[in-house]
Structures are given as structure tokens and as C-alpha cells.
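Descriptive analysis of the structure
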Amino acid sequence: MAKKEAEQEDDGKNLKVSYLEKSPRKCPVCEQEFYNELMYTGGGRIIAGRLRNDLRRTYEVSKKYGKVNPLIYIVSVCPACFYAAYNEDFLEMDQSHRETALAEKPNRIKYAKVIFGRDIDFAKPRTLITGAASYFLAMTGYNYQRKNVFPTLKRAMCALRASWLLEDIAAIYPDQHFAELIPFFLTKSKKYYGRAIDFMQNGKETYEKVKTFGPDTDTNFRYDGVLYMFARLTASMSYLITDPKEKIDDLIKAKRSAAKIFGMGKSSKSKPQDLLDFSKELHTEIGNYIEELAKKFNITVEE
Ligand SMILES: [Zn+2]
């Protein structure tokens, strides 16, 4: 999009959802300059609805602005080489990975187009489809970031958010392949959340430069949100594991992770009630399922 176009007369500004940053960004991989698109905050552009049990915030449709999706403006993508990262991390790329990032350019463009369509264009205003693609690209973009931005957690959030946007896209285009992609992203997200928990414990990656743990854009559920999403995704994706013993072992890990959120005695008072309720429900749900599986396959469960 040309800069002039985006800087429409101020009269129109109040009805606009997004704007282009005043100064161009220079891609740290290919040095292309481009204007990054961000969402205006405030002005009733988004009306928060209920929080789903996968910690996704739903939004009511605004009469003035229509359906606004804040998720699609979070990732900055170079329109030339498709390198991507969250807005605040984009320019901070670790330059020691630049050559790799350049070498991987044809592949990331190829896969993004195979999955999201040949005509995706990051020089144009963000859409649901390029929004979902932006998270897919950021999942690899975080290979080029420093350990102190907690790249593994960011990948977990990106995969989860890609799955959320794919849900929205699939609702609009039910006859296309978008719904089929959701399990891929949820499986990736589960894997990265599991690793993120390990890395927080062993210090392999750190979080001093993490703005929010999300998982959605409206609330920072911190470490508890990480524990919860790992448990929630492990439970919801367990249908993909065929071996009952392996499935039970995985579910036991998920149950322990959920228990850590509300099992801390006094400290739980300061935690968001929604999250406490969800984690208790999930803990019970997983416990019942483990029992059912153990009975069905005659497996002794040692928790
Ligand atoms: Zn670039």
C-alpha cells in the first residue's frame, strides 16, 4: 500500500481500524523498507465478549467498525522476504542468523503461498488470511531471534493464534482447506508450550524481554497461562495418540500442569478467577478421562 493512500484525510481516521507507522521499517534480513500496519487502540473499535476456555477472547461486532480482529495486526512481516516476528521483536533480530534467514527466503515464501494462497501480499492491508499467514511465518522467524525474547513461547503463541484465525477463515470459506490446517497448528502449539515450560525451568531461554505471555492480545496470563495452555492443548489433541499407555502418560503430565495453577494455596487468591475456574474444570475433565482410559484398557495408573 502506498503511504499516501494510508494517510487519508483525517476525517476518515475515526472510522479506520489500522494505520501505517510514520517511519518505514528496514527489514533486518533483506533491507527492504516498508510501512508497518498497526491497529488503533481505543475509540470502541473492539468490544470484548466472553473468554473461551482456550483463553481466546471473543469480540462483539461493533456497529461503527464492523468485525475487528486485533490478532491480525500483531506480527510484522517483510513484504519482500517474508521474514516475520512480533512488532516489538521484528527489528531486534539476531544478526548472526541473517545469512540463514536470507537463504531460507525461497522456502518460507513457497510454504506460506502453498498453505495460504498464491496471492498473499504483505504490502496490502492485513486480512484474516494474511493475518494467519503472518503467525505461520513468525513461527520460523523466531529461529532468528535471541534467547531473551523467549522464542519458544512466542512460537507456541503464534501457532495457537494461527489456529484461531484459521477457525475464523474456515467459517467464511467452509469449502476450502483451512479447517484441515487447524490440528497441525494446535499440535505445534502444544509441543512448543511443553518446551517453553522446560526452558523456563532450565533457563535455556529467558523472558526478560517478553511483553506479554498472552495467549490472546487482551490479557497477560503469565506463567499460569503457559501451564494452562499446555494442559488444555495436551487434552484436546490427545485424540491423535493411538497407544493408550502413551496417551495416559501425556494426560498425566497435562493434569499435573493444570493442578499447579490452582494448587498453590494462598497465592491463588491473586490469580484471575476465569483461569482458576478453567483449570479446575480441565483438571477434573482430564482426571475423568484418564480413569476411563485406564478402565477400558486395563492399565494401572501411577500418578
Ligand atoms: Zn525482508
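Residues numbered from 1 in each chain as written. Predicted model: local features only at pLDDT ≥ 70, side-chain atom pairs only at ≥ 80, totals over all residues.

A closer look at the overall build of the chain
In terms of regular secondary structure, the chain is built from 10 helices and 8 strands. Computed over its C-alpha atoms, the radius of gyration of the chain comes to 20 Å, within 12% of the 19 Å expected for a compact globule of 303 residues. The proportion of buried residues among the 303 residues of the chain is 36%. Contacts spanning at least 24 positions in sequence make up 65% of the contacts within the chain whose residues lie at least 6 apart. (Helix = DSSP H or I, 4+ residues; strand = E, 2+ residues; numbered from the N terminus. Rg over C-alpha atoms; globule rule 2.2 N^0.38 Å. Buried ≥ 20, exposed ≤ 12 C-beta atoms within 10 Å, placed from the backbone. Contact = placed C-beta atoms within 7 Å.)

Things to note about the environment of I182
Relative to the assigned elements, I182 resides in helix α7 (residues 178–202). Classification of I182 as partly exposed rests on a count of 17 C-beta atoms within 10 Å. Linking I182 and L275, residues 93 residues apart in sequence, is a C-alpha distance of 24 Å. If near-sequence neighbours (up to four positions away) are discounted, I182 is found in contact with S163, L166 and E167.

Examining helix α4 (residues 105–116)
The terminal C-alpha atoms of α4 lie 16 Å apart, and with 12 residues this matches the ideal 16 Å at 1.5 Å per residue to within 8%. Once α4 finishes, G117 follows within two positions and takes phi at roughly 115°, a positive value. (Expected span 1.5 Å × (residues − 1).)

Description of the domain arrangement of the chain
Annotation of the chain at the domain level lists domain 1 (3–220) and domain 2 (235–303). One C-alpha centre belongs to domain 1, the other to domain 2; they are set 30 Å apart. If you tally residues by element for the side of domain 1 that touches domain 2, the top one is α7, at 3 residues. Residues that form the side of domain 1 that touches domain 2 fall into these classes: 2 nonpolar, 2 polar and 1 charged. (Domains from an automatic or database assignment. Nonpolar A, V, L, I, M, F, W, Y, C, P; charged D, E, K, R; others polar.)

Looking at the environment of S134
Structurally, S134 is set in helix α5 (residues 128–141). Sequence spacing of S134 and K16 is 118 residues, and the spatial spacing of their C-alpha atoms is 21 Å.

As for the nonpolar core
As a rule of thumb, nonpolar side chains are buried together in soluble globular proteins. Core analysis: the biggest nonpolar cluster contains 74 residues, and A132, A138 and Y228 have the highest contact counts within it. It is helix α6 (residues 151–172) that contributes the most residues to this core, 11 residues altogether. The two domains that each donate at least three residues to this core are domain 1 (3–220) and domain 2 (235–303). (Core = buried A, V, L, I, M, F, W, Y, C linked by C-beta atoms within 7 Å.)

A few points about the environment of Y83
In this fold, Y83 is placed in the loop between β7 (75–77) and β8 (84–86). For the pair Y83 and L102, spaced 19 residues apart in sequence, the C-alpha separation works out to 8.8 Å.

Notes on unusual backbone geometry
Negative phi characterises most residues that are not glycine, and trans characterises most peptide bonds. Of note, the amide linkage connecting G214 to P215 takes the cis form, showing an omega dihedral of 10°. The phi dihedral of F82 falls on the positive side, at around 65°, and the residue is not glycine. Of the residues examined, F82 has 28 C-beta atoms within 10 Å and is grouped as buried.

Description of helix α10 (residues 273–297)
Helix length check: α10, at 25 residues, gives a terminal C-alpha distance of 36 Å against a target of 36 Å (1.5 Å per residue), a fit within 8%. L275, F278, S279, L282, H283, I286 and I290 are the residues of α10 that are buried. If you follow the buried residues of α10, they end up packed against α8 (222–236) and α9 (244–262). Just downstream of α10, N298 is the residue with a positive phi angle, here 55°.

Some thoughts on the packing of α6 against α7
Where α6 contacts α7, the two axes come as close as 7 Å, and the packing angle between them is 160°. When the axes of α6 and α7 are compared, the pair comes out roughly antiparallel. In the packing of α6 onto α7, the handedness of the crossing is left-handed. Looking at the contact of α6 with α7 residue by residue, the classes come out as 18 nonpolar, 3 polar and 4 charged. (Axes fitted to C-alpha atoms, helices over the stretch in contact; angles between N-to-C directions. Parallel < 35°, antiparallel > 145°, perpendicular 65-115°, else oblique. Left-handed = near helix turned anticlockwise from the far one by under 90°.)

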